[in-house]
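Take a look at the letters that make up each chain.
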Amino acid sequence: MTAPHEIELSLAPEIAYDQAACYRALLAHVGLRPGLADYVHVLRRSLDARGGRVRVLVRAVIYVDPVPSGVAYAPVRFRPVAATARRVVIVGAGPAGLFAALRCLELGARPIVIERGKDVRARRRDLAVLTKQHIVDEDSNYCFGEGGAGTYSDGKLYTRSTKRGDVVRVLRLLVQHGAPREILVEAHPHIGTNKLPPLIAAIRQTILDHGGEVHFGQRVTEFVRTADRLRAVRTHTGAEFAADAFILATGHSARDIYELLPAAGIAVEAKPFALGVRAEHPQALIDAVQYRGQPRGEWLPAASYALVHQTHQNGRQRGVFSFCMCPGGYIVPAATAPGEVVVNGMSPSRRDSRFANSGIVVAIDPDDVPADLRRAHGPLAGLRWQQQIEQAACAAAGGTQAAPAQLLPDFLKKRVSASLTDTSYQPGLSAVDLNTVLPAELAARLREGFAAFGRKIRGYDSTDGQLVGVESRTSAPVRIPRDRETLRHPQISNLFPCGEGAGFAGGIVSAAMDGERCAEAASGTNF
């Protein structure tokens, strides 16, 4: 058997992103002609802009003999679950909940998914009403509904949480349900908001076709427990869902769940989170800096950036950092209740908007929350502070879904902008000094951070930069505790807190992996 050729090659973008041309270049590098290799397995593609010209590093393995099993892509086979299978209720149909359901099917358990929002297609109509008429549906919006917050707010698949599960397995399941195969090799894979809805619907169909259940319009209003176990959850429709085990995967914005749990005597705790604004620039400015002035053309993707700066104030060090950077993207309204303004970012698959945007946020420790809120609300103090800031943003901008905004130099000088630039945020902007909306120390840290970022990216802090507030849903300010090994809640033996809402994941892939782990725990536990 001939050993496989493992290579890494630096290629021009027009070759690296053209599959046939890329394969020819890889084969030529090891002295093979097309047709002599059994399989070319591209492992990773990543951009390299060092040295003044943009190249693409392609890492691949070329097999001359038959390909070992497990190398080539192969779909997961699901089998119908038995009528007597263990019942697992999964609260929430975001990535954690959906992947938990798929894993339950593989393990022979029956997943019963309940979701407060609507199916992915019906959600779209409510998002249009939110954007155009400024009406917030508290159960169907950018955060709630089938697919969760990620469905209509970007679809980034990059994660550093490789120790928490099998990233490749999650990506392959996404490909099996309609995602492009490129996500298996890109260094920073991305599906795009426009392509995610049919993929989410396909996952739902797999669940239904193999004996699972999916129920929409079911917001949990009560946890029915006996001693150290949950017996059922009740919803606002009066429905009751009983099960052997419960996976709680409600996402980072389900504030009512954080209130229901303590009311039922189920512990929650405060955790770190982040608050800030969303910065928007012309994509051409980011491209020019990141690609060293080289024209992007048709082969290079819209350029992105990652920024971080450490600030020191009042004896405390806190990071200011970019979050959910969306090249060629749009800013969207992410409020989940009337009277608040929250913004998030998303990109379509082509990333062809003329704007780039990113959350720029400050790390918040639970001790940073005002003392009066900590005394009054205990572990929910961060949630209340987050809520107050969102309500202040709404009031400052006029009480609709128009967002408070400011040119970046004006934010640094603490003055209202005389005029604002074009934006991708469709509900509209209102000129406001964001320093009066944000807590004083947080605003000061942001000003220091933006000044530092202006030294790293030329033009970043110029009048081409515009800030839109507030970016407050980067992660949950509350954690639902669980045992590190069993993944059970310490008080409730058959409750498995899961995903972003429980404080154990951040992003689509990490949430999906956490969902799989919780499904394994819930399906394999003897009750």
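Residue numbering note: each chain is counted from 1, following its sequence as written. Whole-chain, interface and lining totals are the exception, using all residues; otherwise, since this is a predicted model, local features are given only for residues with pLDDT of at least 70 and side-chain atom pairs are given and counted only at 80 or more. In computing side-chain properties, one takes all heavy atoms of the structure into account and sets aside hydrogens as well as water.

### Digging into the sheet that holds strand 7 (residues 220–226)
Each strand in a sheet pairs with another by means of backbone hydrogen bonds, the pair being arranged parallel or else antiparallel.
1) Next: Strands are treated as partners if at least two bridges between them are detected by DSSP. Numbering goes from the N terminus for both helices and strands, where a helix is a DSSP run of H or I of at least four residues and a strand is a run of E of at least two. Read from one edge of the open sheet, three strands run 7-8-9, paired in antiparallel fashion. In the strand order of this sheet, the two ends are held by strand 7 and strand 9 (240–242), each with one partner. In this sheet, neighbouring strand axes are inclined to one another by 25° on average, regardless of whether the strands run parallel or antiparallel.
2) Next: Note that strand 7 and strand 8 (residues 229–235) share six bridges and pair antiparallel. Each bridged residue has a counterpart across the sheet, and for threonine 226 the counterpart in strand 8 is arginine 229. With axes taken as lines fitted to C-alpha atoms, and helix axes fitted only over the stretch in contact, angles between N-to-C directions fall between 0 and 180 degrees.

### Quick look at helix 14 (residues 508–524)
1) Next: One less than the number of residues in a helix, times 1.5 Å, gives the span that helix is expected to have. The terminal C-alpha atoms of helix 14 lie 24 Å apart, and with 17 residues this matches the ideal 24 Å at 1.5 Å per residue to within 8%.
2) Next: Partly exposed describes any residue whose relative accessible area lies between the buried limit of under 20% and the exposed limit of over 50%, with all areas from a 1.4 Å probe on protein chains only and scaled to the type maximum. Among the 17 residues in helix 14, 14 count as buried, and that is most of the element.

### Structural notes on the packing of aromatic side chains
1) Next: Pairing of aromatic rings covers Phe, Tyr and the six-membered ring of Trp, with a centre-to-centre limit of 6.5 Å; geometry is then stacked below 30 degrees between planes, edge-to-face above 60, and tilted otherwise. Evaluated as defined, the whole model comprises five aromatic pairs.
2) Next: Ring geometry for phenylalanine 453 against tyrosine 460: centres 6.3 Å apart, planes inclined by 90°, an arrangement best described as edge-to-face.
3) Next: Joined through ring pairs, the aromatic side chains of Tyr305, Phe411, Phe450, Phe453 and Tyr460 make up one cluster.
4) Next: Just above the ring of phenylalanine 504 sits the side chain of arginine 479; from NZ or CZ to the centre is 5.9 Å. Whether a charge sits over a ring depends on NZ of Lys or CZ of Arg being within 6 Å of the ring centre and within 35 degrees of the ring normal.

### Side note on the environment of leucine 157
1) Next: Along the chain, leucine 157 turns up in the loop between helix 4 (120–133) and helix 5 (167–176).
2) Next: A sequence separation of 111 residues divides leucine 157 from valine 268, and the C-alpha atoms of the two residues are 28 Å apart.

### Side note on the nonpolar core
Generally speaking, nonpolar side chains in soluble globular proteins are found buried as a group.
1) Next: Take the buried residues of types Ala, Val, Leu, Ile, Met, Phe, Trp, Tyr and Cys, join any two whose side-chain atoms come within 4.5 Å, and each joined set is a nonpolar core. Judged by nonpolar contacts, the single largest core of 88 residues is most densely connected at Val89, Leu174, Phe223 and Ile247.
2) Next: Examining the composition of this core, we find that nine residues originate from one element, helix 14, more than from any other.
3) Next: By the convention used here, residues are in contact when the closest approach between their heavy atoms is within 4.5 Å. Every residue in contact with isoleucine 247, bar those within four places of it in the chain, is listed here: Val88, Val89, Ile90, Val91, Ala100, Phe496, Cys498, Cys518, Ala519 and Ala522.
4) Next: Core analysis: the next-biggest nonpolar cluster, separate from the first, contains 47 residues, Val343, Ile364, Val437 and Leu467 among them.

### Considering the side chain of histidine 177
1) Next: Checked against the element boundaries, histidine 177 lands in the loop between helix 5 and helix 6 (196–209).
2) Next: Overall, histidine 177 belongs to the buried group, its relative accessible area being 8%.
3) Next: Residues within four places of histidine 177 in sequence aside, it is in contact with Phe78, Leu102, Leu199, Ala202, Ile203 and Thr206.

### Description of helix 3 (residues 95–107)
1) Next: In this model helix 3 runs 18 Å from its N-terminal to its C-terminal C-alpha over 13 residues, within 8% of the 18 Å that 1.5 Å per residue would give.
2) Next: The buried fraction of helix 3 amounts to eleven of the 13 residues, a majority that puts the element mostly inside the structure.

### As for the sheet that holds strand 22 (residues 495–497)
1) Next: The parallel open sheet is built from five strands, whose spatial order is 6-5-4-10-22. Edge positions in the sheet fall to strand 6 (213–215) and strand 22, since each of these pairs with one other strand and no more. Strand-to-strand twist across the sheet, computed as the mean angle between neighbouring axes with direction ignored, equals 15°.
2) Next: Two strands pair when backbone bridges link them, and strand 10 (residues 245–248) and strand 22 are joined in this way by three bridges, in the parallel orientation. Bridge pairing links phenylalanine 246 to leucine 495 in strand 22.

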